[in-house]
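Chain and residue survey
Each chain, written out:
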Amino acid sequence: MLDSVISTIAVLGTLDTKGVEIGFLAEQIRRCGCATLVVDLGVLGPPAFTPDIPRETVARAAGGDLRALASAGDRGQAVAAMALGIGEVIRDLHGQGRIQAVVGMGGSAGTTMATAAMRALPLGVPKVMVSTVAGGDVSAFVGASDITMVPSVVDVSGLNRISRQVIARAASAVAAMVRTEVQESEDGPLVAASMFGNTTQCIDAARATLESAGIEVLVFHATGAGGRTMESLVAAGFITGILDVTTTELADELAGGVMSAGPDRLMAAARAGIPAVVAPGCLDMVNFWAPESIPGKYRDRRFYRHNPSVTLMRTTPAENRELGRRLAERVNASTGPAAVYLPTGGISAISAPGQPFHWPEADEALFHSIRSGLRSGITVMEVDANINDPAFSDAVAGGLLQMLGHRPGMRTA
């Protein structure tokens, strides 16, 4: 980006309740050398100052009428409508080249609206949200996007010695982000891989093999958010092939664990038709937080304390049969080349012989369900090794390379 080109940052907020604070945020951004485009998300009271884009425009973008929203007196309905509208407005502004970044500020309602707009933008566009709820679980606001959440520390209610510091630094942060230019080569295949602590060795080795062939590998931690992000990038067309070795999020979806990626996990690659190598990695475990977070119905199950914050629960043969069915069902939807690799020596580091989750009958229930559930045309490869053994990582990396049309020793340009 040339220094002579001034970037414009969209500033989002409710000018009826946070007008003074939003005005200060915009002023700080301009002091950093960027232009601003203020968008009003308020509904009820009059704006503290005239915005660049009024609230009426946002309401119309949602197919609504501002007067009707205001007269209805339903705050929840108004927030939902404005969230929908601001997503359309910001997407259009970015598409027209009128904005290069976005920053928002507010409480729970303001955060809901502003982050809806941010999620509508592509990855890489700077997005900063100063929020009263940023110190808690913000997964619903961030989704699979690259939003930077900044805790407001104090409520967004007036300017004081704390809020001025937080707001000014957020302004400096988004201004610095928009000025940062990263030179990246976009040539060659881009592969996504799923990993957990219990499959790290497998993915590290497979990634090294793929990278030696000139393939760039994006690794996603299978914590729910990681799986959703990976799926979103596949659906957006960024990914050439997928090494989905760690499908553990299916187990959390089934048993109510804390790291579910939702019911569409494994579906993006199938729908996109990209080459896919899939394995039932870490389907031996369901994730919970500290022991007190585990539902009482599971009190008689087998557990393993992964760390002080995460407790793993071993899946049963019955659960594994259902997990195998679900995995096969998703892979069966593949419109491109797909293969399932089964590590018969254990599906995680702790399901190997002598480890706490070693349970051959449960693993075999999983494998049998996968084998019997897969349609013809889907390759099934059994490897007599643990998922983290070199034999397995070599097999899955080699299988994906073959699907991508690579011969041994071949390197992409």
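This text follows the structure it describes.
The text that follows walks through the structure, step by step, so that each part is easy to find.

Here is what the cut-offs are and how they apply
Residues numbered from 1 in each chain as written. Predicted model: local features only at pLDDT ≥ 70, side-chain atom pairs only at ≥ 80, totals over all residues. Heavy atoms only, no water. Helix = DSSP H or I, 4+ residues; strand = E, 2+ residues; numbered from the N terminus. Buried < 20%, exposed > 50% of the residue type's maximum accessible area, 1.4 Å probe, protein only. Contact = heavy atoms within 4.5 Å. Areas by Shrake-Rupley, 256 points an atom, 1.4 Å probe, with all protein chains shown as cover. Lys, Arg positive; Asp, Glu negative; His and termini not counted. Charge placed at Lys NZ, Arg CZ, Asp CG, Glu CD. Pairing = 2+ DSSP bridges. Axes fitted to C-alpha atoms, helices over the stretch in contact; angles between N-to-C directions. Core = buried A, V, L, I, M, F, W, Y, C linked by side-chain atoms within 4.5 Å. Right-handed = clockwise from strand over helix to strand, strands pointing away. Polar contact = N/O pair within 3.5 Å; in protein donor to acceptor, adjacent residues only side chain to side chain.

Describing the overall build of the protein chain
A tally of helices and strands in the protein chain yields 14 helices and 14 strands. In terms of its C-alpha atoms, the protein chain occupies a principal-axis envelope of roughly 70 × 55 × 40 Å. Counting the 413 residues in the protein chain, one finds 52% classified as buried. Long-range contacts, defined here as pairs at least 24 residues apart, represent 73% of the contacts in the protein chain between residues at least 6 apart. Of the roughly 17900 Å² of accessible surface on the protein chain, a fraction of 52% belongs to carbon and sulfur atoms. Each charge sign in the protein chain was given a centre, from 33 positive and 40 negative side chains, and these centres are 5 Å apart.

Describing the sheet that holds strand 11 (residues 303–307)
Within the open sheet, the three strands sit side by side as 10-12-11. Their pairing is antiparallel. Strands with a single pairing partner mark the edges of an open sheet, and in this sheet they are strand 10 (285–288) and strand 11. On average, each strand axis in the sheet is inclined to that of its neighbour by 30°, with strand direction left out of account. Sheet analysis places strand 10 next to strand 12 (residues 310–314), joined by four bridges and oriented antiparallel. Bridging across to strand 12, Met-285 finds its partner in Arg-314.

Structural notes on the sheet that holds strand 6 (residues 190–195)
What the six strands build is an open sheet, ordered 7-6-8-9-13-14; its pairing is parallel. Single-partner strands in this sheet number two, and they are strand 7 (216–221) and strand 14 (379–383). Strand-to-strand twist in this sheet, taken as the mean axis angle between neighbours without regard to direction, amounts to 15°. Across three bridges, the pairing between strand 9 (residues 276–278) and strand 13 (residues 338–343) is parallel. Considered in strand 13, the bridge of Val-277 is made with Ala-339. Where helix 9 (residues 225–235) meets the sheet, it contacts strand 6, strand 7 and strand 8 (241–244), and its direction lies at approximately 145° from that of strand 7. Strands strand 13 and strand 14 of the sheet are contacted by helix 13 (residues 360–373), whose axis makes an angle of about 160° with strand 13.

Concerning the environment of Ala-10
Note that Ala-10 resides in strand 1 (residues 8–13). With a relative accessible area of 0%, Ala-10 lands in the buried category. For the pair formed by Ala-10 and Ala-35, sequence separation is 25 residues and the distance between their alpha carbons is 8.7 Å. Ignoring any residue separated from it by four or fewer positions in sequence, one finds Ala-10 in contact with Leu-37, Ile-90, Ile-99, Ala-101, Val-102 and Val-103.

Focus: the nonpolar core
It is characteristic of soluble globular proteins that their nonpolar side chains tend to be buried jointly. Leu-12, Val-39, Ile-86 and Ile-90 are the most contacted members of the largest nonpolar core, which has 37 residues in total. Those elements giving two or more residues to this core turn out to be strand 1, strand 2 (35–40), helix 2 (55–61), helix 3 (66–72), helix 4 (75–95), helix 5 (108–119) and helix 6 (139–142). Top element by residues in this core is helix 4. It accounts for nine residues. In contact with Ile-90, other than residues within four places in its own chain, are Ala-10, Leu-12, Ile-99, Ala-117 and Leu-121.

Observations concerning the pairing of strand 14
Inspection of the sheet shows strand 13 paired to strand 14 by five bridges, in the parallel sense. Paired with Leu-342 across the two strands is Glu-382, which belongs to strand 14. A crossover connection joins strand 13 to the parallel strand 14 through helix 13; in handedness this β-α-β unit is right-handed.

Describing the side chain of Ser-260
Within the secondary structure, Ser-260 is located in the loop between helix 10 (249–255) and helix 11 (267–272). Side-chain polar atoms of Ser-260 contact the side chain of Glu-253, separated by 2.3 Å. There is a polar contact of 3.0 Å between the side chain of Ser-260 and the backbone nitrogen of Gly-262. The contacts of Ser-260, once residues within four sequence positions are left out, are Gly-224, Arg-228, Glu-249, Asp-252 and Glu-253.

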